[in-house]
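# Structural overview for review
Single-letter residue listing:
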Amino acid sequence: LAKRDAFRKTARGIQFGVRTRLVKDLIDALPFQLTKAQLNVLHEIKEDMFAPQPMMRLLQGDVGSGKTVVALIAMLMAIDSGYQATLMVPTEVLAAQHFKNLSKLLDNLNLQNPAYRLKIEFLTGSTTAKERKRILGSLESGEINILVGTHALFEDIVEFRRLGLIVIDEQHRFGVEQRARLMQKAETPDVLVMTATPIPRTLSMTVFGELDVSVIDELPANRIPVRTAIRGESALGGVYSFIRTEVKKGRQAFIVFPLVEESEKLDLKAAGEGFKEISTHIFPDIKTGLLHGRMKWKEKEDVMNRFAAGEFSVLVSTTVIEVGVDIPNATVMVINEAHRFGLSQLHQLRGRIGRGADQSYCILVTKDEIVASAGKLQQQIEYLPQHILERWRSITRLKAMEQSSDGFKLSEIDLKMRGPGDIFGKKQSGIPDFRFCDIANDSQIMFAAKDQAQQIINSDPDLRDPNNVIIARTLDRLLKSEDNFYGIG
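As a starting point, this report considers the structure included with it. (Residues numbered from 1 in each chain as written. Predicted model: local features only at pLDDT ≥ 70, side-chain atom pairs only at ≥ 80, totals over all residues. Heavy atoms only, no water.)

### Some points on helix α10 (residues 271–282)
The set of residues buried in α10 consists of A271, G274, I278 and I282. Along the axis of α10, the buried positions cluster into a sector of 70°, meaning they face one direction only. Opposite the packed face of α10, turned more than 90 degrees from it, sit the exposed residues K276 and H281. Buried positions along α10 lie against α9 (236–248), β9 (252–256), β10 (288–291) and β11 (314–317). (Buried < 20%, exposed > 50% of the residue type's maximum accessible area, 1.4 Å probe, protein only. Helix = DSSP H or I, 4+ residues; strand = E, 2+ residues; numbered from the N terminus. Arc of directions from axis to C-beta. Contact = heavy atoms within 4.5 Å.)

### Concerning the pattern of salt bridges
Taken as a whole, this structure holds 18 salt bridges when the rule is applied. Between K249 and E246 there is a salt bridge, and its shortest N-O distance comes to 3.3 Å. Among the ionic pairs, E337 bridges to R340, the shortest N-O distance being 3.8 Å. For R340, a relative accessible area of 35% corresponds to the partly exposed category. (Salt bridge = Lys/Arg side-chain N within 4 Å of Asp/Glu carboxyl O.)

### A look at the sheet that holds strand β2 (residues 84–88)
Ordered in space as β3-β4-β2-β5-β6-β1-β7, the 7 strands form an open sheet in which the pairing is parallel. Each edge of the open sheet is held by one strand with a lone partner, namely β3 (120–123) and β7 (212–216). Sheet twist, expressed as the average angle between the axes of neighbouring strands with direction ignored, equals 20°. With 5 bridges joining them, β2 and strand β5 (residues 163–169) adopt parallel strand pairing. Bridging across to β5, L87 finds its partner in V167. (Pairing = 2+ DSSP bridges. Axes fitted to C-alpha atoms, helices over the stretch in contact; angles between N-to-C directions.)

### Structural notes on the sheet that holds β10
As summarised here, the arrangement of the 6 strands in space is β8-β13-β12-β9-β11-β10, forming an open sheet in which the pairing is parallel. This sheet does not close on itself; its edge strands, each paired only once, are β8 (227–232) and β10. Shown here is a sheet whose adjacent strand axes are inclined to one another by a mean of 20°, direction ignored. Where β9 meets β11, 4 bridges bridge the pair, whose relative direction is parallel.

Shown next as structure tokens:
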């Protein structure tokens, strides 16, 4: 809080403002109405962007809550003041999808008012040398308003004429240094980082302490909640029959496997093997596609485009489909070996369906003994042997998925079960190693501590008061011992 307070007082950012009807015209041209939550978040973003300090905001929104359109409106606020905006995305498949969706919305706007002539481009590691040269030239001349891309955006040769706003999607997939390199391409840009992985409040307060947090906690009005069910492996025949019924109705299904090839250590079916069995024995008469992480992104994109176009009805995949892919006609998600996945990953996978007008279903397939042991495990968890404890954790995760579609509620359960270090895979360096306090279970104490810290900063920002001398010394020691990436979000 001390660093944030000092940053706000000394950093001079861009004070954006309204010059034309650009934002209003886009909202009018949208083929849907913004939700109340989106409008609230947009108000917070506008307040930040119109203030002289640089914006540092985290936008959290559950899968399918409409973060992309909010980001686009923020980008248009920057463009309206004569600046450029960029959107950095972790994978090429997702970047291509963002580019397609944003282009569609901007085309509507350009049609409505040809005077805008807004230009959006797409840059990734796979962009050809000729294309790259053209894009970089147009970027430097200011002809490009929005640049969507992957890690390729922070290469030294990428130069903007006047970059004002940086949007980073699924920000935890980028290193802090990578984000810093992108931010160096502008003097003091406004930064909006987004995540569809709901973050528990205690974590967002500690890991993202320097960011203001906005939450889209409402789904678009036409969304029908996905029905979720747990099934044992012996019930797979019935699950496949159900997929067949849905396909006959003209709908599509995902079947997810955890690994690409057989591991000696884990008895998991590989996606490749699963695909062979499903396409030849189970659905020989239904067109089936395969998608996995070892494919080049162009191949992945080709498979997703063909699936979206309805060329095949069933897509066998690994978790490569976890983030961002949008297939409104897909109504079934079968997750094999579901007990192997973390809660947030299961929730992300489920978010791939339920995007159309039909009822969607997520089926969590797990070992029969895990289903059988649901509810029968002893209450004294700490005395359980390790293998039974694992089973208890698995069934608790799957039951939570079955009972709730609220990503934030699930993230709190996940935090309690796994501890903070594993929430995003690798341990995040920003998570304090508290000696006594448990982030998952002591949240009330932590919120109270944060309020007290804020009171101290409000009354004594430089910590000169004799009562705060120990705090000042301790902070000084801690800050000197770390890489100071404050301000990178």
